[in-house]
Amino acid sequence: MRMEDLDTPRVVPGMADDILATLESLGLAWDGEVVRQSRRTAAYEATLAELVRTGMAYPCGCSRTEILSIGSAPHGRADEIRYPGLCRNGLPAGKSPRAIRVRVTDAPVTFMDGIMGEVTENLSESCGDFVVKRADGPFAYQLAVVVDDAEAGVNQVVRGADLLASTPRQIYLQRLLGYAVPGYCHLPLVTGPNGAKLSKRENAISLADGRDLQKEGGTLLFASLSFLGQKPPAVLERASCREILAWGVASFDPAVIPRRPAPFTRH
């Protein structure tokens with residue numbers, strides 16, 4: 001279990017404990033102690049120092065506003081602003097270091113996602129040299145998860161499709177650092193009433209928000225399995241969380257998971 005609490009100014013006090021208690025109420029468990037990224041800055045600093053030492057990372061003095069203000073700033077995938085490399089060959093006169101960026105190449109990154117199929121991205125075209133330590137101090141998600149996954153021996157990453165675009169960057173870092181590349185599976189997103197990704201604010205599943213998971217936990221797990229294309233027997237609809245999870249472990253079929261986002265429907 002890992003708490004990704006890198007962005008400490010935005011961490012809500014008590015939220016991590018609520019997340020853990022909520023998961024336990026749903027019958028979920030984990031091995032070992034909880035890892036908190038906010039306590040692992042030394043590991044990230046050492047990795048970043050190695051990237052800088054080998055010339056694969058460099059200081060950047062550009063602000064986001066400055067990059068956006070460049071009329072010729074190129075756009076990458078999904079209208080993302082691609083970093084134009086202003087500091088790639090050294091800080092221009094008058095600039096002070098702010099963020100740290102990783103130097104990318106033109107070689108495409110290709111991987112086979114367990115749900116979405118083959119994915120190929122040329123980072124130099126889609127995002128350019130990307131940030132691994134932010135101007136305001138925290139290490140970027142891309143670097144932290146790569147270091148943590150390698151240290152924990154993670155060999156499979158299953159997460160939401162909203163993070164699919166991050167995967168080529170993480171695989172690029174894994175290869176730079178000589179780490180093994182896990183298998184990746186990106187699940188379809190749950191959509192809200194407007195068709196966009198469901199926000200935590202719209203329907204939080206949390207003990208702190210007053211949800212009674214002793215009553216509705218089984219219903220939520222049953223609906224989650226159905227959302228992922230599984231066919232739990234109707235008799236399980238009113239079963240305990242433990243019974244539903246046991247069925248899921250024994251019967252789960254990744255081949256039927258849909259690729260498209262959809263609303264979350266309870267039975």
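In what follows, the structure referred to is the one given above.
Read on for an overview of the structure.

1. Regarding helix H5 (residues 141-152)
In this model, H5 (twelve residues) spans 16 Å end to end at C-alpha, consistent with the 16 Å of a helix rising 1.5 Å per residue. Within the sequence span of H5, burial applies to Gln142, Leu143, Ala144, Val145, Val146, Val147, Asp148 and Asp149. Buried residues along H5 sit in contact with strand E1 (2-3), helix H2 (41-53), strand E7 (130-133), strand E8 (156-160) and helix H6 (167-177). Looking one or two places after H5, you find Gly153, whose phi comes out positive at around 75°.

2. Here's the deal with the nonpolar core
Note on soluble globular proteins: their nonpolar side chains tend to be buried together. Core analysis: the biggest nonpolar cluster contains 25 residues, and Val102, Phe130, Val132 and Leu143 have the highest contact counts within it. A per-element tally of this core places H5 first, with four residues. Counting residues in each nonpolar core, the second largest holds eleven residues, with Leu221, Leu236, Cys241 and Ile244 among its members.

3. Section: the sheet that holds E7
Strand order in this open sheet of three strands is E3-E4-E7, and the pairing throughout is antiparallel. Each having just a single partner strand, strand E3 (57-60) and E7 make up the two edges of the open sheet. Going from strand to strand, the sheet's axes swing by 45° on average, the running direction of each strand aside. Two strands pair when backbone bridges link them, and E3 and strand E4 (residues 99-102) are joined in this way by four bridges, in the antiparallel orientation. Bridge pairing in E4 places Tyr58 opposite Arg101.

Rules of the game
- Residues numbered from 1 in each chain as written.
- Predicted model: local features only at pLDDT ≥ 70, side-chain atom pairs only at ≥ 80, totals over all residues.
- Heavy atoms only, no water.
- Helix = DSSP H or I, 4+ residues; strand = E, 2+ residues; numbered from the N terminus.
- Expected span 1.5 Å × (residues − 1).
- Buried < 20%, exposed > 50% of the residue type's maximum accessible area, 1.4 Å probe, protein only.
- Contact = heavy atoms within 4.5 Å.
- Core = buried A, V, L, I, M, F, W, Y, C linked by side-chain atoms within 4.5 Å.
- Pairing = 2+ DSSP bridges.
- Axes fitted to C-alpha atoms, helices over the stretch in contact; angles between N-to-C directions.

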